[in-house]
Amino acid sequence: MKILLISPCQDATHRTPGALQIPQIALQLVAGLTDPKHEIRIVEEEFVDLDMSLSPDVVGLSLMTANAPRGYALADHFRAKGAKVVLGGIHPSVLPEEAAAHADAVVVGEAEEVWPQVVADLEAGRPKPVYRAGPADLTNVPFPRRELGRVKRWLNVIPVMTTRGCPYNCEFCSVSRIYGRKIRSFPVDWVVEDIKRAGGKVHLILDDNVIGRPAYAEELFKALKPLNIYWVGQASMSFALREDLMRLAYASGCRALFFGMETVSEESMKRMKKSFRDLQDVADGIRRIQAAGIRFHASVVFGFDSDDTRIFRRTVDFLMTCRVHSVTFNILTPYPGTRVYDTLKGEGRLFTEDWRHYNHMTVVFRPARMTALELAEGQLYARRTFFRWPSILRRFATHWRHPVLYAGMNLAYRHSARHAHTPVAPGWDKQA
Ligand code: B12
């Protein structure tokens with residue numbers, strides 16, 4: 001069979017700028033699970049145009065909520081041409097009924113243990129409408145077919161997986177619901193072999209928390225050191241309490257980590273049961289992590305019910321004082337399958353369920369202690385202020401040892417902040 005695997009873009013008119021392009025690994029993994037007798041093509045529409053005249057036998061689409069509407073349109077297009085369509089990824093996994101309207105089969109959860117059966121059923125002409133997968137055993141997974149869907153990029157970041165699952169259960173996140181709260185890991189020698197096969201020098205470890213299992217992280221960091229690679233990833237703030245792990249991580253090539261810091265509101269920290277609940281502890285943690293040579297990329301979320309309009313200035317001032325390397329200023333997004341979605345929906349505070357706007361960057365609900373417009377303008381103020389030249393130059397004093405990474409991230413975020421509009425979803429004024 002001719003199988004076309006697609007990662008749809010969110011918005012064909014507004015794709016991710018080159019410097020921020022990070023390839024998806026899910027489709028290369030699905031390709032690795034497929035009997036090699038089938039002909040496979042991978043297209044990441046966020047990076048390259050999709051040839052709509054292709055005539056595959058089977059189309060597999062990987063969907064998040066933000067690119068689900070585009071995915072459904074592509075599914076309808078290829079089904080009308082006679083192809084069988086399979087939908088997978090986090091969005092179909094939380095809303096299989098909605099996805100089933102655009103597919104011959106929906107995979108709920110992880111592909112590893114169901115995809116071979118899906119392909120066999122498709123070949124036999126009798127796919128089941130839904131395939132439900134439990135947490136996969138990661139000890140014997142075929143390597144991703146990284147040669148497929150390769151696109152030449154400014155910065156060739158190679159995505160790598162080492163663990164799956166997240167012990168935390170944040171109200172705005174659907175990961176633990178889909179992948180479980182128990183952390184499962186790929187064997188360390190499998191990860192090392194995968195990195196060797198992938199080639200490249202700069203890697204993104206995709207895990208939600210690379211130190212979720214400290215003993216495994218220690219073994220992993222020691223095994224990565226001889227590979228002489230650089231890597232970035234995600235971790236929880238508790239990393240700052242482990243000088244030993246920070247030293248091992250830096251020695252293994254870690255140069256920057258994305259931290260779900262979420263907020264500077266101690267009221268919200270307590271409600272979210274964050275590992276750090278005192279702002280001074282957070283500041284000390286940031287200082288220790290950056291002193292270990294690891295760039296601190298903060299992910300901040302605006303729009304919690306305890307937030308009022310003072311949160312924006314307080315957040316920017318705090319991050320400036322801590323000389324943080326870079327920041328993603330997100331807007332609370334009630335993704336389906338999360339507790340915050342159920343709460344806001346239950347309270348009739350959602351403006352829209354047009355998933356195109358569910359992308360961490362658009363106000364789709366009525367906040368509690370400010371208007372939707374104040375939340376949108378506040379996020380924009382924070383982005384523009386933190387990435388102003390005086391701020392970039394002042395923080396550079398702390399990050400001069402890694403000028404390329406610093407310049408690349410800060411200029412890319414400055415560019416997207418300067419060209420951003422006030423992100424409120426249609427329908428906000430009806431509820432203001
Ligand atoms: C790495 C990552 C990124 C990277 C790379 C994204 C990418 N292209 O993959 C970057 C930084 C670019 C990114 C950006 C964004 N991300 Co992101 N990202 C992740 C992260 C941490 C890991 C995803 C991953 O690759 N996992 C490893 C692979 C193997 O797992 P997987 O993708 O889930 O695939 C498995 C199954 O889902 C299934 N499957 C998946 N696709 C398919 C397809 C078929 C046909 C089949 C059969 C099976 C199947 O099989 C796979 C193997 O078991 C997840 C958190 C998580 N744990 O999932 C958040 C996550 C997916 N991201 C999220 C969001 C919201 C975004 C952004 C919108 C945020 C923003 N504005 O910045 C953007 C959107 C970018 C885009 N391209 O549209 C949300 C999605 C929530 C939702 N309901 O949509 C998540 C869940 C984070 C969260 N905590 O909420 N992201």
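Residues numbered from 1 in each chain as written. Predicted model: local features only at pLDDT ≥ 70, side-chain atom pairs only at ≥ 80, totals over all residues. Heavy atoms only, no water.

**Details of the domain arrangement of the protein chain**
- With domains assigned, the protein chain is organised as domain 1 (2-129) and domain 2 (141-430).
- A straight line from the C-alpha centre of domain 1 to that of domain 2 covers 26 Å.
- Facing 29 residues of domain 1, the contacting portion of domain 2 comprises 33 residues.
- Taken together, the two surfaces of domain 1 and domain 2 that pack against each other cover about 3,000 Å², and 70% of this comes from carbon and sulfur.
- At the junction of domain 1 with domain 2, the criterion picks out 3 salt bridges.
- When the shortest N-O distance is used, the salt bridge between R164 and E112 registers 3.0 Å.
- Joining domain 1 to domain 2, the criterion identifies 7 residue pairs in polar contact (both at pLDDT 80 or more).
- Elements that contribute at least two residues to the side of domain 1 that touches domain 2 include exactly α1 (26-32), β2 (39-44) and α3 (90-94).
- Considered class by class, the residues forming the side of domain 1 that touches domain 2 number 17 nonpolar, 8 polar and 4 charged. (Domains from an automatic or database assignment. Contact = heavy atoms within 4.5 Å. Buried area = accessible area lost by both parts, 1.4 Å probe. Salt bridge = Lys/Arg side-chain N within 4 Å of Asp/Glu carboxyl O. Polar contact = N/O pair within 3.5 Å; in protein donor to acceptor, adjacent residues only side chain to side chain. Helix = DSSP H or I, 4+ residues; strand = E, 2+ residues; numbered from the N terminus. Nonpolar A, V, L, I, M, F, W, Y, C, P; charged D, E, K, R; others polar.)

**Regarding the pattern of salt bridges**
- Considering all chains together, one arrives at 23 salt bridges under this definition.
- Between K37 and E123 there is a salt bridge whose closest N-O contact spans 3.2 Å. Taken together, the residues span a long stretch of sequence, with K37 in the loop between α1 and β2 and E123 in helix α5 (residues 115-123) at a distance of 86 residues.
- Close ionic contact of E218 with K222 constitutes a salt bridge, the shortest N to O distance being 3.4 Å. Of this pair, E218 and K222 are both found in helix α8 (residues 214-224), 4 residues apart, which corresponds to roughly one turn of the helix.
- When its relative accessible area of 48% is taken as the criterion, K222 is described as partly exposed.
- Sharing partners across several salt bridges, the network here consists of E110, E112, R164 and R184. (Buried < 20%, exposed > 50% of the residue type's maximum accessible area, 1.4 Å probe, protein only.)

**Remarks on the pairing of strand β5 (residues 105-108)**
- Because side chains alternate across β5, one face comprises the buried residues A105 and V107, and the other comprises V106 and V108, equally buried.
- Bridging between strand β4 (residues 84-88) and β5 involves 2 bridges; their strand directions are parallel. Paired with L87 across the two strands is V106, which belongs to β5.
- With α5 bridging β5 and the parallel strand β6 (residues 130-132), this β-α-β connection has left-handed handedness. (Pairing = 2+ DSSP bridges. Right-handed = clockwise from strand over helix to strand, strands pointing away.)

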